[in-house]
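Chain and residue survey
One letter stands for each residue in the lines below.
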Amino acid sequence: MNQLELYIDTFVEYLQIEKNASPYTVKYYRNDLEIFADFLRSEGLSHIANVTYKDVRIFLTSLYEQELSRRSVSRKISTLRSFYRFLEREGYVEGNPFVQLHLPKTSKPVPGFLYQEELDKLFEVNDITTPLGQRDQALLEMLYGTGIRVSECQNLRLQDIDFAIGTIFVRGKGRKERYVPFGSFAEIALETYLQEGRTKLLEKSNSDTEFIFLNSRGGHLTTRGIRTILNKIVERASLTVHVHPHKLRHTFATHLLNEGADLRSVQELLGHESLSSTQIYTHVTKDHLREAYMKSHPRANGNKS
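The rules behind each value
Residues numbered from 1 in each chain as written. Predicted model: local features only at pLDDT ≥ 70, side-chain atom pairs only at ≥ 80, totals over all residues. Heavy atoms only, no water. Helix = DSSP H or I, 4+ residues; strand = E, 2+ residues; numbered from the N terminus. Polar contact = N/O pair within 3.5 Å; in protein donor to acceptor, adjacent residues only side chain to side chain. Contact = heavy atoms within 4.5 Å. Axes fitted to C-alpha atoms, helices over the stretch in contact; angles between N-to-C directions. Parallel < 35°, antiparallel > 145°, perpendicular 65-115°, else oblique. Nonpolar A, V, L, I, M, F, W, Y, C, P; charged D, E, K, R; others polar. 1 Å grid on protein atoms, 1.4 Å probe; cavity = no way out; pocket = protein on both sides within 12 Å on 5 of 7 lines; lining within 4 Å. Points joined across faces, edges and corners; volume = space filled by probe spheres on them. Buried < 20%, exposed > 50% of the residue type's maximum accessible area, 1.4 Å probe, protein only. Pairing = 2+ DSSP bridges. Salt bridge = Lys/Arg side-chain N within 4 Å of Asp/Glu carboxyl O.

Regarding the side chain of Gln134
Within the secondary structure layout, Gln134 lies in helix H6 (residues 131–146). Of note is the side chain of Gln134, whose polar atom sits 3.0 Å from the backbone oxygen of Ile128. Beyond its immediate stretch of four places on either side in the chain, Gln134 contacts Asp127, Ile128, Thr129, Ala189, Thr192, Tyr193, Glu196 and Gly197.

Below, the structure is given as structure tokens:
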């Protein structure tokens, strides 16, 4: 193992242990660092401490020549800036050549969300007289009713639900934990599924499990399985929109803000570490804006003379 590989491994270990980074995050950090390592080898740079701002500019140019998106380039530069900051703190290098490099501006796309009419169709198509229909209804109610991530939903256990106060205990990204409330529709769907559908699904399996959501064979439902279920619900509802678990999370946040919830509360419900992550949901629909205007402006509904 050469010196650069050792530095990369040490940095990855720091991300995993001290920063509690998710496997997904670690994977992309390592990939970005290996791309940079290949660049250094191609430029004949044997020691990472010898990298200059000029070298960094050449690396940036090489990324643009690969026709990568601005978002992808920004992430790689951000990774390397963090990497050098770590090396500088540990005394492996004396400076950070990425400090002077400005990240390319990226446009943040407005998250897609569902209108109430589209949601209503989704909730109407499950056959709640069957075990799978009861499961699918409970899944839908939890994803939209709490805004939790698909991985958080998949990992819910029986002991995580408190029906007495209407909350679920959620294990989020970076091992962060939070409590999220749920409403009466989710409560009814969950109780029906747990008392009837889940019991019948569990009979198909030879093993017991504390996980709430099960597949058709009584085993632990995967995140891929949840996405497949949503796709089938959309088909039955004859919707032309693409619905994925994160879109229900977007819808949860959008509807809360449109109905007057404050940004800090939504941030806490979503489990966002930074308020800036929540601010992308401050968009509102044109219908909502028009409705607010027509209700509130003194001259919105006046008769023309």
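Some remarks on the packing of H6 against helix H10 (residues 245–258)
For the pair H6 and H10, the least separation of the axes is 7 Å and the interaxial angle reads 45 degrees. Accordingly, the angle class assigned to the pair H6 and H10 is oblique. Contacts between H6 and H10 pair Leu140, Leu143, Tyr144, Gly145 and Thr146 from the former with Leu248, Thr251, Phe252 and His255 from the latter. Looking at the contact of H6 with H10 residue by residue, the classes come out as five nonpolar, four polar and no charged.

Quick look at empty space enclosed by the protein
Applying the stated criterion to the full structure yields one cavity of 30 Å³ or more. Size it by volume and the largest cavity reaches roughly 30 Å³. Contributing to the lining of the largest cavity are Glu152, Asn155, Leu156, Asp160, Phe169, Val170 and Arg171. If one sorts the elements of the lining of the largest cavity by residue count, strand S2 (residues 167–171) sits on top with three residues.

Quick look at the environment of Val243
Looking at where Val243 falls in the secondary structure, it is placed in the loop between helix H9 (223–237) and H10. Given a relative accessible area of 1%, Val243 falls into the buried group. Separated by 131 residues in sequence, Val243 and Gly112 place their C-alpha atoms 9.4 Å apart. Contacts of Val243, omitting those with residues within four sequence positions, involve Leu114, Leu122, Leu230, Asn231, Val234 and Leu248.

A closer look at the pairing of strand S3 (residues 177–181)
Of the two faces of S3, only the one carrying Arg178 and Val180 is buried; Glu177, Tyr179 and Pro181 on the other face are not. Following S2, the chain reverses through five residues before pairing antiparallel with S3; Gly174 in that reversal takes a positive phi of roughly 65 degrees.

Focus: the pattern of salt bridges
By the definition in use, this model includes 11 salt bridges. A salt bridge links Arg75 to Asp32, with the nearest nitrogen and oxygen atoms 2.9 Å apart. Highlighted residues: Arg75 in helix H4 (residues 70–90) and Asp32 in helix H2 (residues 23–42), separated in sequence by 43 residues. Overall, the relative accessible area of 1% leaves Asp32 in the buried class. One salt bridge in this structure joins Arg171 and Asp160, with 2.7 Å as the shortest N-O distance.

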